[in-house]
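Fold and contact review
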Amino acid sequence: MPINKRILVDTIARERIDILFNLAKECAATDSELSREYVRHMKKIGTHCRMKLPKEVKNGVCKKCDSVLIPGLSARVRIASRNNYVVYECLACKAERHVHY
Ligand SMILES: [Zn+2]
């Protein structure tokens, strides 16, 4: 794939991922299944275009059930200060994500 086309594909994919992530965050409180569908679609775009998801998107989504992690709404957040990481616990499936700082 030529460099210009690669840049174009990355730009469009990034744009679509941002839009889908914002939509997923907006409807997480009202319709969680629709929100999960947006996240699945977003992941599919990332896989298809062979690009990494942005860090804020990757850390804001549950790996197990694809729900958006919003502190207080769909996630419990605590700090494991002894081990230097933040724990995001998904309230839907109880999966934990450790984000090191
Ligand atoms: Zn989950």
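Above this text is the structure in question.
Bear in mind the structure is a predicted one, so any value in this text is a computation, not a measurement. (Residues numbered from 1 in each chain as written. Predicted model: local features only at pLDDT ≥ 70, side-chain atom pairs only at ≥ 80, totals over all residues.)

1. Brief notes about the nonpolar core
By size, the foremost hydrophobic cluster in this structure holds 16 residues, and its most contacted members are A24 and L69. Breaking this core down by element, the ones donating at least two residues are α1 (3–26), α2 (32–48) and β2 (85–90). Once residues lying within four places of it in the same chain are set aside, the contact partners of A24 are S35, Y38, V39 and V68. (Core = buried A, V, L, I, M, F, W, Y, C linked by C-beta atoms within 7 Å. Buried ≥ 20, exposed ≤ 12 C-beta atoms within 10 Å, placed from the backbone. Helix = DSSP H or I, 4+ residues; strand = E, 2+ residues; numbered from the N terminus. Contact = placed C-beta atoms within 7 Å.)

2. Description of unusual backbone geometry
At R50, a residue that is not glycine, the phi angle is positive and equals roughly 50°. Positionally, R50 belongs in the loop between α2 and α3 (55–58). One non-glycine residue, N84, adopts positive backbone phi at about 60°. Tracing the chain through its elements places N84 in the loop between β1 (75–80) and β2.

3. Things to note about the sheet that holds β1
Either a parallel or an antiparallel arrangement is found when strands of a sheet pair, and the pairing is made through backbone hydrogen bonds. Here three strands make up an open sheet; going across it, the order is β1-β2-β3 and the pairing antiparallel. The open sheet terminates on both sides in strands that have one partner only, identified here as β1 and β3 (96–100). Ignoring strand direction, the axes of neighbouring strands in this sheet form an average angle of 20°. One ladder, built from six bridges, connects β1 with β2; its direction is antiparallel. What sits directly across from V77, in β2, is Y88. (Pairing = 2+ DSSP bridges. Axes fitted to C-alpha atoms, helices over the stretch in contact; angles between N-to-C directions.)

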